[in-house]
Amino acid sequence: MAMRQQISTRYEKVLKDRIGEGFVESVSSFDEGLDKLLDVLIMVHREGRLVLAAMESMVLGNLGAYDELAAEIDVDRLKVEDARLVLGVFESLLDGFPMPNLSLDNGVRTTIIIDMLIHRFVYAESVFGSEQEFKQTMKKIIFSLL
């Protein structure tokens with residue numbers, strides 16, 4: 001959990017630095033903002049690729065211990081905390097570029113799915129095609145989930 005907290009703190013700082021103030025004002029559409037957000041998320045995950053892989057390996061190598069740990073912590077709270085930054089970007093994009101058919105009701109679940117898929121992409125990029133193809137697929141998934 002301490003390692004997870006360190007990674008989360010670093011991820012939050014890097015994400016804030018890379019997105020910065022005025023993110024929504026720097027894009028001309030929701031789609032462009034989503035594209036830039038995905039660029040940043042992919043870059044951040046690439047930089048932490050080896051640590052993420054090691055953590056997942058530890059979890060997958062001992063699912064029983066992971067289940068015990070998950071039973072002792074507030075997993076729902078952690079999911080909301082982890083999703084907060086990306087949800088904030090989605091909210092800002094929707095405020096700047098309203099899309100009546102999109103809602104953040106499933107936002108936490110959407111950010112978890114985004115995170116999991118980006119993990120897989122940065123571990124094995126060739127499986128997903130080019131980065132542009134991956135981002136197009138991700139946008140379709142995001143639009144269908146929101």
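Structural notes, computed from the coordinates. What you see is a predicted model; the values in this text were computed from it and never measured. (Residues numbered from 1 in each chain as written. Predicted model: local features only at pLDDT ≥ 70, side-chain atom pairs only at ≥ 80, totals over all residues. Heavy atoms only, no water.)

### Quick notes on the environment of V89
Step number 1: As for its position among the elements, V89 is in helix 5 (residues 75-96).
Step number 2: Classification of V89 by relative accessible area gives buried; the value is 9%.
Step number 3: When the C-alpha atoms of V89 and T110 are compared, they prove to be 13 Å apart, with 21 residues separating the residues in sequence.
Step number 4: Non-local contacts of V89, meaning those with residues more than four positions away in its chain, are made with I19, F23 and L37. (Helix = DSSP H or I, 4+ residues; strand = E, 2+ residues; numbered from the N terminus. Buried < 20%, exposed > 50% of the residue type's maximum accessible area, 1.4 Å probe, protein only. Contact = heavy atoms within 4.5 Å.)

### Examining the side chain of H45
Step number 1: Considering the arrangement of structural elements, one finds H45 in helix 2 (residues 30-47).
Step number 2: Polar side-chain contacts of H45 include one of 2.7 Å to the backbone oxygen of L41.
Step number 3: Once residues within four sequence positions are removed from consideration, H45 is found in contact with Y11, L52, D115, I118, H119 and V122. (Polar contact = N/O pair within 3.5 Å; in protein donor to acceptor, adjacent residues only side chain to side chain.)

### As for the side chain of T110
Step number 1: Along the chain, T110 turns up in helix 6 (residues 107-123).
Step number 2: When its relative accessible area of 0% is taken as the criterion, T110 is described as buried.
Step number 3: A polar contact of 2.8 Å, which involves the side chain of T110, links it to the backbone oxygen of N106.
Step number 4: In this structure, T110 is in contact with F90, L145 and L146, ignoring residues within four places of it in sequence.

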